[in-house]
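What follows is each chain in one-letter form.
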Amino acid sequence: MPEPADIRPPQIFVDADACPVKNEAVTVAQRHGLIVTFVSNGGLRPSRDPMIRNVVVSKGADAADDWIVENARPNDVAVTADVPLAARLVPAGVHVIGPTGRPFTPESIGMAVAMRDLKQHLRETGEDRGFNRSFAARDRSEFLSALDRTVRRAMNAGREP
């Protein structure tokens, strides 16, 4: 059993390329005194806040995903709309949430992957043009609430023996 000094608080990892809720992730991280790490292929604004970390990875297709998978630990929190990334993190014990507040869980990840694959197939065959609905203020609000709940769950789980 780990000693109390060995237990670290959860960290928040954000798949930052095209993420519409970066500011909200910072708000929740600051509220709970957690480190938030933005991982991107570039274009991140530096921050003087020592609790905000920016990681710029190579331009490879899955470089940001790979970095997050390699660095996130069980009970950390990840923010991503990328279903394949979520499918890699959930089995590793990472709490994963989408920018609309939708959680990816062991119970839901299989269906999320199947729906993503179906939609990709429909786009490839021309049956679906792939239009996504716009990101709304309600999505931002849902995300804030869901991320706060997820962080609290992760923090409480880290305290359990």
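For clarity, every value in this text was computed on a predicted model and none was experimentally measured.

## Some thoughts on the overall build of the protein chain
Right, on to step 1. Within the protein chain, the secondary structure is distributed over 5 helices and 6 strands.
Right, on to step 2. The secondary structure elements of the protein chain, listed N-terminal to C-terminal, are β-α-β-β-α-β-α-β-β-α-α.
Right, on to step 3. The burial tally for the protein chain puts 39% of its 161 residues in the buried class.
Right, on to step 4. Total accessible area on the protein chain is roughly 9,700 Å²; 52% of this is exposed by carbon and sulfur atoms.

## So, the packing of aromatic side chains
Right, on to step 1. The tally for this structure, following the rule as stated, stands at 1 aromatic pair.
Right, on to step 2. Relative to Trp 67, the ring of Phe 13 lies with its centre 6.1 Å away and its plane at 55°, an arrangement referred to as tilted. Of this pair, Phe 13 sits in strand β1 (residues 12-15) while Trp 67 is found in helix α2 (residues 63-71), placing the two residues 54 residues apart along the sequence.
Right, on to step 3. The class for Phe 13 is buried, based on a relative accessible area of 3%.
Right, on to step 4. Residue class for Trp 67 comes out partly exposed when judged on its relative accessible area of 23%.

## Details of the side chain of Ser 40
Right, on to step 1. For Ser 40, the location among the structural elements is in strand β2 (residues 36-40).
Right, on to step 2. In terms of polar contacts, Ser 40 uses its side chain to reach the side chain of Asp 17, at 2.5 Å.
Right, on to step 3. Among residues more than four places away in sequence, those in contact with Ser 40 are Ala 16, Asp 17, Val 55, Val 56 and Val 57.

## Points about the pattern of salt bridges
Right, on to step 1. Within this structure, the stated rule accounts for 5 salt bridges.
Right, on to step 2. In this structure, Arg 140 and Glu 24 form a salt bridge, with 3.1 Å as the shortest nitrogen-oxygen distance. Linking Arg 140 in helix α5 (residues 137-159) with Glu 24 in helix α1 (residues 22-32), this pair joins segments that are 116 residues apart in sequence.
Right, on to step 3. Looking at Arg 140, the relative accessible area reads 30%, which means it is partly exposed.
Right, on to step 4. For the salt bridge of Asp 148 with Arg 31, the shortest nitrogen-to-oxygen distance reads 3.0 Å. Of the two residues, Asp 148 is situated in helix α5 and Arg 31 in helix α1; the sequence distance between them amounts to 117 residues.
Right, on to step 5. On the basis of relative accessibility, which here comes to 12%, the residue Asp 148 falls in the buried class.
Right, on to step 6. Among the residues examined, Arg 31 registers a relative accessible area of 48% and is labelled partly exposed.

## Some details on α1
Right, on to step 1. When we look at burial in α1, the residues that qualify are Glu 24, Ala 25, Val 26, Val 28, Ala 29 and His 32.
Right, on to step 2. At the C-terminal side of α1, Gly 33 shows a positive phi close to 70°.

## Some details on the sheet that holds strand β4 (residues 77-79)
Right, on to step 1. Taken in spatial order, the 6 strands line up as β3-β2-β1-β4-β5-β6 in an open sheet, and their pairing is mixed. Among the strands making up the open sheet, the edge pair consists of β3 (52-56) and β6 (103-104).
Right, on to step 2. Running over the sheet, α2 touches β1, β2 and β3 and is turned about 165° from β1.

Rules used throughout
Residues numbered from 1 in each chain as written. Predicted model: local features only at pLDDT ≥ 70, side-chain atom pairs only at ≥ 80, totals over all residues. Heavy atoms only, no water. Helix = DSSP H or I, 4+ residues; strand = E, 2+ residues; numbered from the N terminus. Buried < 20%, exposed > 50% of the residue type's maximum accessible area, 1.4 Å probe, protein only. Areas by Shrake-Rupley, 256 points an atom, 1.4 Å probe, with all protein chains shown as cover. Phe/Tyr/Trp six-rings, centres within 6.5 Å; stacked < 30°, edge-to-face > 60°. Polar contact = N/O pair within 3.5 Å; in protein donor to acceptor, adjacent residues only side chain to side chain. Contact = heavy atoms within 4.5 Å. Salt bridge = Lys/Arg side-chain N within 4 Å of Asp/Glu carboxyl O. Pairing = 2+ DSSP bridges. Axes fitted to C-alpha atoms, helices over the stretch in contact; angles between N-to-C directions.

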